[in-house]
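Remarks on the overall topology
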Number of protein chains: 4
Amino acid sequence: MMKKNLGATHALRAVFAIRDKILSGQYSPGDRLGEVAIAEELNISRTPVRDALSHLAGEGMLERASTGGFVIRDFGFDDIADSIELRGILEGTVARLAAERGASKVRMNKLDKIILSIDECFDTEKFKVNRTLYAERNAEFHEEFGKLSGSEVMERELSRVMKMPFASPSAFLSNKKESRAYYLELCTAQQQHRDILLAIAKGQGTRAEAIARAHANLAMVSLGETLAINPLKFTSQNSKSK
Amino acid sequence: MMKKNLGATHALRAVFAIRDKILSGQYSPGDRLGEVAIAEELNISRTPVRDALSHLAGEGMLERASTGGFVIRDFGFDDIADSIELRGILEGTVARLAAERGASKVRMNKLDKIILSIDECFDTEKFKVNRTLYAERNAEFHEEFGKLSGSEVMERELSRVMKMPFASPSAFLSNKKESRAYYLELCTAQQQHRDILLAIAKGQGTRAEAIARAHANLAMVSLGETLAINPLKFTSQNSKSK
Amino acid sequence: MMKKNLGATHALRAVFAIRDKILSGQYSPGDRLGEVAIAEELNISRTPVRDALSHLAGEGMLERASTGGFVIRDFGFDDIADSIELRGILEGTVARLAAERGASKVRMNKLDKIILSIDECFDTEKFKVNRTLYAERNAEFHEEFGKLSGSEVMERELSRVMKMPFASPSAFLSNKKESRAYYLELCTAQQQHRDILLAIAKGQGTRAEAIARAHANLAMVSLGETLAINPLKFTSQNSKSK
Amino acid sequence: MMKKNLGATHALRAVFAIRDKILSGQYSPGDRLGEVAIAEELNISRTPVRDALSHLAGEGMLERASTGGFVIRDFGFDDIADSIELRGILEGTVARLAAERGASKVRMNKLDKIILSIDECFDTEKFKVNRTLYAERNAEFHEEFGKLSGSEVMERELSRVMKMPFASPSAFLSNKKESRAYYLELCTAQQQHRDILLAIAKGQGTRAEAIARAHANLAMVSLGETLAINPLKFTSQNSKSK
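Only a predicted model underlies this, so the values are computations on that prediction, with no experimental measurement involved.

Quick notes on the relation of the copies chain A and chain B
Expressed as a screw operation, the relation of chain A to chain B combines 0.0 Å of axial shift with a rotation of 180 degrees, fitting to an RMSD of 0.0 Å. Both copies of the chain, as the preceding transformation shows, are related through a two-fold rotation axis. It is I89 of chain A whose C-alpha, among those of chain A, lies nearest the rotation axis, at 3.9 Å. Here 100% of the contact residues of chain A are again contact residues in chain B; the copies associate through an equivalent surface.

A few points about the interface of chain A and chain B
At the junction of the two partners, chain A supplies 25 residues and chain B supplies 26 residues. Inspection of the region where chain A meets chain B yields eight salt bridges. E85 of chain B serves as the salt-bridge partner of R96 of chain A, at 2.8 Å between the closest nitrogen and oxygen. For the side of chain A that touches chain B, the secondary-structure elements that each account for two or more residues are helix 4 (77-101), helix 7 (152-161) and helix 9 (205-229) of chain A. Counting residues per element, the side of chain A that touches chain B draws most heavily on helix 4 of chain A, which supplies 11 residues. Residues belonging to the side of chain A that touches chain B are distributed by class as follows: eight nonpolar, four polar and 13 charged.

Section: the relation of the copies chain D and chain B
Two copies of a chain can be linked by a rotation about an axis combined with a shift along that same axis. For the match of chain D to chain B, the screw axis carries a shift of 0.0 Å, the RMSD comes to 0.0 Å, and the turn is 180 degrees. The fraction of interface residues of chain D whose copies in chain B are also interface residues reaches 100%, indicating that both copies meet through the same surface.

Considering the nonpolar core
Within soluble globular proteins, side chains that are nonpolar tend to cluster in buried spots. Core analysis: the biggest nonpolar cluster contains 164 residues, and I200 of chain A together with I200 of chain D have the highest contact counts within it. Among all residues touching I200 of chain D, those that are not within four sequence positions of it are A95, A98, A99, A103, M108, F145, L148 and A208 of chain D.

Observations concerning the packing of helix 7 (residues 152-161) of chain C against helix 4 (residues 77-101) of chain D
Remark: helix 7 of chain C packs on helix 4 of chain D, axes separated minimally by 8 Å, with the N-to-C direction vectors making an angle of 50 degrees. As summarised for this structure, helix 7 of chain C and helix 4 of chain D are arranged oblique, according to the angle between their axes. In this structure, helix 7 of chain C uses V153, M154 and E157 of chain C to contact helix 4 of chain D, whose residues at the interface are D79, D82, S83, E85, L86 and I89 of chain D. Across the contact of helix 7 of chain C with helix 4 of chain D, the residue classes tally to four nonpolar, one polar and four charged.

Some thoughts on the sheet that holds strand 1 (residues 32-33) of chain C
Residues and elements named next belong to chain C. One open sheet accounts for three strands, arranged 1-3-2; its pairing is antiparallel. The sheet terminates laterally at strand 1 and strand 2 (62-64), the two strands that pair on one side only. Pairing of strand 1 with strand 3 (residues 70-72) involves two bridges; the strand directions are antiparallel. Opposite R32, over in strand 3, you have V71 as the bridge partner.

Section: helix 3 (residues 46-58) of chain C
All names here are of chain C. Between the first and last C-alpha of helix 3 there are 18 Å, a value that for 13 residues agrees with the 18 Å anticipated at 1.5 Å per step. Those residues of helix 3 lying buried are P48, V49, A52, L53, H55 and L56. The arc enclosing the buried residues of helix 3, seen along the axis, measures out at 160 degrees, which places them on a common side. Considering only its buried residues, helix 3 is in contact with helix 1 (9-23), strand 1, helix 2 (35-42), strand 2 and strand 3. Where helix 3 ends, the next residue or the one after it, G60, has phi of about 90 degrees, a positive value.

Some words on unusual backbone geometry
As a rule of thumb, non-glycine residues mostly have phi less than zero, and peptide bonds are mostly trans rather than cis. Residues and elements named next belong to chain A. Even without glycine at this site, F127 takes up a positive phi of about 55 degrees. Position of F127 among the secondary structure elements: in the loop between strand 4 (122-123) and strand 5 (128-129). On the accessibility criterion, F127 (10% relative accessible area) is buried.

What to know about the confidence of the model for chain A
All names here are of chain A. For chain A, per-residue confidence averages 83 on the pLDDT scale, and 86% of positions sit at 70 or higher. Within chain A, the lowest mean pLDDT, 35, falls on helix 10 (residues 235-238), and the highest, 97, falls on helix 5 (residues 105-119). Segment residues 1-7 is flagged for pLDDT under 50; beyond a separation of four residues in sequence, or across chains, it makes 21 contacts in the model. Long-range and interchain partners of residues 230-242, a stretch whose pLDDT sits below 50, account for 28 contacts in this model, where long-range means more than four residues apart.

Section: the pattern of salt bridges
Within the structure shown, the criterion is met by 72 salt bridges over all chains. A salt bridge links E144 of chain B to R107 of chain B; its shortest N-O distance comes to 3.0 Å. Taken together, the residues E144 of chain B in helix 6 (residues 131-145) and R107 of chain B in helix 5 (residues 105-119) connect sequence positions 37 residues apart. Ionic contacts of the salt-bridge type, sharing partners, join the residues E85, R96, E100, E209 and R213 of chain A, E85, R96, E100, E209 and R213 of chain B, R207 of chain C together with R207 of chain D into one network.

Points about helix 1 (residues 9-23) of chain A
Residue and element names in this part refer to chain A. Here helix 1 contains 15 residues, and its C-alpha end-to-end distance of 21 Å stays within 8% of the 21 Å for a straight helix at 1.5 Å per residue. With respect to burial, helix 1 is a largely interior element, 12 of its 15 residues being buried. Residues of helix 1 that are buried: A11, L12, A14, V15, F16, A17, I18, R19, D20, K21, I22 and L23. Looking one or two residues past helix 1, G25 carries a phi angle of roughly 85 degrees, positive in sign.

Things to note about the environment of L218 of chain C
All names here are of chain C. Within the secondary structure, L218 sits in helix 9 (residues 205-229). Residues L218 and P169 lie 49 residues apart in sequence; the distance between their C-alpha atoms is 10.0 Å. Not counting residues up to four positions away in its chain, the partners in contact with L218 are E185, A189 and Q192.

Overview of the sheet that holds strand 3 (residues 70-72) of chain A
Residues and elements named next belong to chain A. Here three strands make up an open sheet; going across it, the order is 1-3-2 and the pairing antiparallel. Each having just a single partner strand, strand 1 (32-33) and strand 2 (62-64) make up the two edges of the open sheet. Relative to strand 3, strand 2 is paired through three bridges, and the arrangement is antiparallel. Across the sheet, the residue bridging to E63 is V71, located in strand 3.

Thresholds, definitions, all that
- Residues numbered from 1 in each chain as written.
- Chains lettered and ligands numbered in written order.
- Predicted model: local features only at pLDDT ≥ 70, side-chain atom pairs only at ≥ 80, totals over all residues.
- Heavy atoms only, no water.
- Least-squares fit on C-alpha atoms with pLDDT ≥ 70 in both.
- Contact = heavy atoms within 4.5 Å.
- Salt bridge = Lys/Arg side-chain N within 4 Å of Asp/Glu carboxyl O.
- Helix = DSSP H or I, 4+ residues; strand = E, 2+ residues; numbered from the N terminus.
- Nonpolar A, V, L, I, M, F, W, Y, C, P; charged D, E, K, R; others polar.
- Core = buried A, V, L, I, M, F, W, Y, C linked by side-chain atoms within 4.5 Å.
- Buried < 20%, exposed > 50% of the residue type's maximum accessible area, 1.4 Å probe, protein only.
- Axes fitted to C-alpha atoms, helices over the stretch in contact; angles between N-to-C directions.
- Parallel < 35°, antiparallel > 145°, perpendicular 65-115°, else oblique.
- Pairing = 2+ DSSP bridges.
- Expected span 1.5 Å × (residues − 1).
- Arc of directions from axis to C-beta.
- pLDDT = per-residue confidence, 0-100.

Next comes the structure, spelled out in structure tokens:
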């Protein structure tokens, strides 16, 4: 989902920064985002900011205003949670169908290579992760993964769902936290990439589906942690009481 | 999905008749459907034919031609199978979430009443089913069911998926077969309606999800039987070899 | 589980009759069962009664008294429910593993033949089932099915679990009810036999597991219906409150 | 499963050492294990060796010889794999039932405390784990966990299965490997302990079952890694070709 031309470090940092401000409540639903102001604040040029805004609109966090420019979309915690759940369900189905119907060797090899390239994002000595690179390659993995079952219907649906608020596989990455816990979390995520492919290769559909669901749920957990520190400003007014 | 005003016997019969002709290959993808010709052939007026065509477009089997009127959509067996699979997955998720989060009593009661009204479609003496009525009330059940988890995201997605080719819960009903086997099949479907609600009431999410998936799969089985007799004319050229 | 030499009509009728008396509370836990009295009551000779008692001990409903003879075992509704659940879980696992690892053609053919022989138990004109025959062949199906995954561990465990109270696949058959509803219930059970094998043949492990679990649950439902009419006398004192 | 009096460092080291020798093929099925020889080799007294042998017999890896003493049991890789699978299935069921039926607060609190005590086994600065302590407390967690669903049937079955070869939750711990990868593996296992309880607390049965299955599968993965280095000597002659 993350477009190649967004790989530019500046644009991705802008994505992280704006996302954090939405989650922390510094921006509210309906707020208009000005390119110039953001560019100045982050001390980068306007082009990467424009790319970042466009990317966040694709993720469903912003929407284009009728008067031009972008505003923060109005959504509650339930919408976010259910969108992530939905991605897990669809990726789980792709995993199960790939295991049951058999996946093409070419696609499996391609995914294996992406996994190796994600390994390179981890500095196992200093316990740090290159997040810009991780976001890019993780997005590449999930985009490629969506094609694995050979079902055009599932591929199309999944690609649509990934554009919902926070349902993008890289939506949980942020600038903020830099900790051992975070490092371990990304290790777990990367291990799940491997385990999903292994289960598919062995024809274990139930297991492949379960891991893919757990993988999406990790984003949910991560989001929950972020929100525990910065409770979503607009949650109370939007989310339904159950 | 089946609109109330379609309840008219004539319109629903037209739906069944046209669907059968598509499945049996009498109509091919791209064929244009003329209101007048169909009305004459079925010996009914043009208004119910227009309703039927509009309904079948909503199910994804026809599409509006740029020049007005409707043409048969081009889709293969895989698309149909995957759309039904997708409905099963989403209805399964609604069932599971309703069991886990708890479903509103008002909605559960409403569904119970619809189930009782479906019972009335069965003539247990003559082993016959009033299919027009069944189609209407079954559609009502599934439309109401989509709201049961309280998740707007799931409700919206499900309602969208039901408009895909053959993914509508009543898409497998046809004029053709009238047999003991068919009667038993609808008994099974109706029993599944009951079992899903029972599992939800008991908070058994895994079971509720499994039955809902099996319920959608019944449509798949039924379609397979129909196609075994009348192999889908346009299957070979459209479906991918696996 | 049902031994061949039990096929004798008299012995199986004795099994049904004694089981009904336990469920209806005419016998209580600890009650001693006398061969002579039962033989007289059912107007059959003592040999089939002895076979029936031995069979019910194998099902876990009776236990051998230290002084010889059999007494009713002490168990609550929870034990029964959990034993049936456990059988469903293990048969589900056998189904899933068979789908994932591939099942031997010889065994699949054997199961197909047993299914055809079960078909013969149904009188589709009069809507009646030959229950003695059904019990025998159904037991044969489940015994053979336990070997399908090729896992000796699963086969051994399953065979052990089937000896728990009411966990035998034929434990829910009784003399009492003779109704349309009962006929449909057995039709559903037989259809599930077919669907499990079909899912395995297609390599659909998740689906095969789900149907096998639902199949065991049918016994639970049937038991619940019986108990709704004849509440298990010894339930209250034995079952845990949840 | 790990008895308190085995907590003694010496006994547990003996358990690890003997297990490694079985896995590495230094001991073969049928080999007799002498207390004196092992005590001398490990330079410890005979009492902890006797405890270790008794513990390994409880795990199903040794059996008591008719002439006294212990011999290595004869089992293939399939038996091990299926036993671990079986434990995952049963623990998964306990997790699901606990989520669906509701778990007692007292038991949940007890498990929470055990999890905190497992945290203490991790040296997050040096990336090391105190394995003796981990083995003990992990065993305590799984023993307590088996009671969580309130089902006596499941508790009894699970406790029986944990005595099968390698199905014990601590059977995959060994003296050998001491690496970053191993540290991360135990972090993942401990995170799963937390995630299972969280899913149960939220009433998410499907998720709880899936994580519990994945947790048992981790033992399988770990075993596979060990065997990749030291292929099980007696595998070829015992395991079935699939």
